[in-house]
Protein chains: 2
Amino acid sequence: MTTARSVDIVEVAPRDGFQSINEPLPTGEKIAIIEDLLGAGVKRMELGSFVSPKAIPQMGDMADIAAHFRGRPGVRLSVLVPNARGAEIALRHGYPELVFVLSVSEAHNLNNVRQTVAQSLDQLRAVVSAAQGEAIKLRVDLATSFDCPLDGTVPMGDVRRVLHEALSIAPDAEIALCDTTGRADPLTVKSRFETAMQDAPGTPFAFHGHDTFGMGVANALYAYEAGVRVIEGAAAGLGGCPFAPGATGNTATEDLFFAFEQGGISTGLDIEKLLQAADRIAALPGGKTGGHLRIVPRKRAFA
Amino acid sequence: MTTARSVDIVEVAPRDGFQSINEPLPTGEKIAIIEDLLGAGVKRMELGSFVSPKAIPQMGDMADIAAHFRGRPGVRLSVLVPNARGAEIALRHGYPELVFVLSVSEAHNLNNVRQTVAQSLDQLRAVVSAAQGEAIKLRVDLATSFDCPLDGTVPMGDVRRVLHEALSIAPDAEIALCDTTGRADPLTVKSRFETAMQDAPGTPFAFHGHDTFGMGVANALYAYEAGVRVIEGAAAGLGGCPFAPGATGNTATEDLFFAFEQGGISTGLDIEKLLQAADRIAALPGGKTGGHLRIVPRKRAFA
């Protein structure tokens, strides 16, 4: 094979990671970590959420962080918005790449955002309206696309239905099927993405996973096998859904680096700098090391 | 697809697992754990090693354990033997299924068994001679088939050469490519098995992995993708090579169960009983929980 293979890793430590830490982190430390991640070659990152600080206090300094990184060239910095008001704030702060989350599982959506799935789809419609006329990029995260912390296995029929409705509202969106609890298994991940891609040919898909059952890396590789080229990770494996009890952190970016790069699939990341950023994240109060990679791999074994 | 898919999991906790614990475990407790594993539906198991107790004190009660399980129907119980003398002892104890280990890496083989690879191949020849005329089954474990704790990445050319030499001595052997350090990556595992299977068509292959870099489950699945149908695991993720510093435990049998069974690939194991056995192993002095699965999966998501 002469075709260079690559994958885009979206770094979510500043959003899904930081919000998993209860104690408010100093804004300067957050900015320093984000700078370290950018220095490690991260090309896509979720910078944070424009949400009510009452809902997620850790995101109370979002405006300051947004101001610091506004217009940074060479990197796609997205922000999570829960509704039209969040979208307006994001656009006003100069962030036209928006992430909207809704859960496929009714029970989880009610727990997570206190809305039914239908109400969340209305919110998505309002976000799209609020951004009318702006050159935005929209990502829709379908949380609990595999397993729900409350209801167990989520039927694929439900995923297909919510996917269909989301795309009818936002036909140009990038769609992430999210393993919110980290209880998906690799072959099911592959199978569900294949089905979703048949349902929505041309739609760009992404995978967001957690490592609860030790399947994080395998799930990411099987998503890649299905054709997914956008995979989310968090340096140091930080993260965890506050409304998904028992779920551990996001799959560690450094573990994804190892699995992809050693397999000949380029990530564009500098592992030495990435591990330094991961160490800094793991050393945060309330931080932890969920990643497995400790040393810089010596060389590629794949040939 | 209507073809039932399955995988044979070889349980190695009683051998690779127990030997990783320094403190001698009571023989009765070892026997009870092995009974629990058999009760969980294990159909192949490495019962232990007929080695000098000076080399591995934990195996000092091997004869007692062997006597207890001798002739147990419905299960293949193998024993590791380091040389012809070990093979003779195993056969005398009624164990005709033998495991012989040598490392592809010269440096690791010297560290592990104080012999060059050529000397180890001579030992293999002596084992085969010692078993002449007996209806034995022979497994040859090629340790460090991917990565060496001393020399780093092991060239595939070396693996092919040692594989070729081992099969010229023991043409009917089952061959395991072992990721001794747990630093192999999934795509390399698949690629190396594909090459080995092309080199030795008809030879049954197995994969033995550790979870050091969090790749354990993914490596096993990619071995399966290459066509490997025999995968080793240790309940509770026990294990670790005493001569591979930094390597963590074997990939946990319960994690393998989850990845395969949820993906529609049958293991024949009873997860409830397996988790009970894993809990008992993790509670041993010097034991640990390296597995990720904590609850019995609710139902298969794969469809």
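Source: prediction; values computed, not measured.

### A few points about the overall build of chain A
Across its full length, chain A carries eleven helices and twelve strands. Radius of gyration (C-alpha) of chain A: 18 Å, near the 19 Å computed for a compact globule of 303 residues. The C-alpha extent of chain A, read off along each of the three principal axes, is 50 × 40 × 35 Å. The proportion of buried residues among the 303 residues of chain A is 60%. Long-range pairs, those at least 24 residues apart, make up 75% of the contacts in chain A between residues at least 6 apart in sequence. The average position of the 28 basic charges and that of the 35 acidic charges among the side chains of chain A differ by 2 Å.

### A closer look at the environment of Leu98 of chain B
Residue and element names in this part refer to chain B. Residue position: Leu98 is located in strand β5 (residues 97-103). Remark: the alpha-carbon pair of Leu98 and Ala170, spanning 72 residues in sequence, is separated by 12 Å. Excluding anything up to four places from it in sequence, Leu98 contacts Val79, Val81, Ala87, Ala90, Val127, Ile136, Lys137, Leu138 and Arg139.

### Section: the interface of chain B and chain A
The interface of chain B with chain A comprises 38 residues on the first partner and 38 residues on the second. Between chain B and chain A, roughly 3,000 Å² of surface is buried when both sides are summed, and carbon and sulfur atoms account for 62% of that area. Our enumeration of links across chain B and chain A arrives at zero salt bridges. Summed over the shared surface of chain B and chain A, the result is five residue pairs in polar contact (both at pLDDT 80 or more). Elements that contribute at least two residues to the side of chain B that touches chain A include exactly β7 (147-148), β8 (152-153), α8 (186-199), α9 (216-226) and α10 (253-262) of chain B. Looking at side-chain class alone, the side of chain B that touches chain A contains 18 nonpolar, nine polar and eleven charged residues.

### Considerations on helix α7 (residues 156-169) of chain B
Residues and elements named next belong to chain B. A rise of 1.5 Å per residue sets the reference length of α7, with its 14 residues, at 20 Å; its end C-alpha atoms lie 20 Å apart and thus fit the reference within 8%. Those residues of α7 that sit buried are Met156, Val159, Val162, Leu163, Ala166, Leu167 and Ile169. The arc enclosing the buried residues of α7, seen along the axis, measures out at 150 degrees, which places them on a common side. What points out from α7, more than 90 degrees from its buried face, is the exposed set His164 and Ser168. Buried residues along α7 sit in contact with β5, α6 (117-130), β6 (137-143), β9 (174-178), α8 and β10 (205-208).

Rules and cut-offs
Residues numbered from 1 in each chain as written. Chains lettered and ligands numbered in written order. Predicted model: local features only at pLDDT ≥ 70, side-chain atom pairs only at ≥ 80, totals over all residues. Heavy atoms only, no water. Helix = DSSP H or I, 4+ residues; strand = E, 2+ residues; numbered from the N terminus. Rg over C-alpha atoms; globule rule 2.2 N^0.38 Å. Buried < 20%, exposed > 50% of the residue type's maximum accessible area, 1.4 Å probe, protein only. Contact = heavy atoms within 4.5 Å. Lys, Arg positive; Asp, Glu negative; His and termini not counted. Charge placed at Lys NZ, Arg CZ, Asp CG, Glu CD. Buried area = accessible area lost by both parts, 1.4 Å probe. Salt bridge = Lys/Arg side-chain N within 4 Å of Asp/Glu carboxyl O. Polar contact = N/O pair within 3.5 Å; in protein donor to acceptor, adjacent residues only side chain to side chain. Nonpolar A, V, L, I, M, F, W, Y, C, P; charged D, E, K, R; others polar. Expected span 1.5 Å × (residues − 1). Arc of directions from axis to C-beta.

By themselves, these observations are geometric and do not establish any function.
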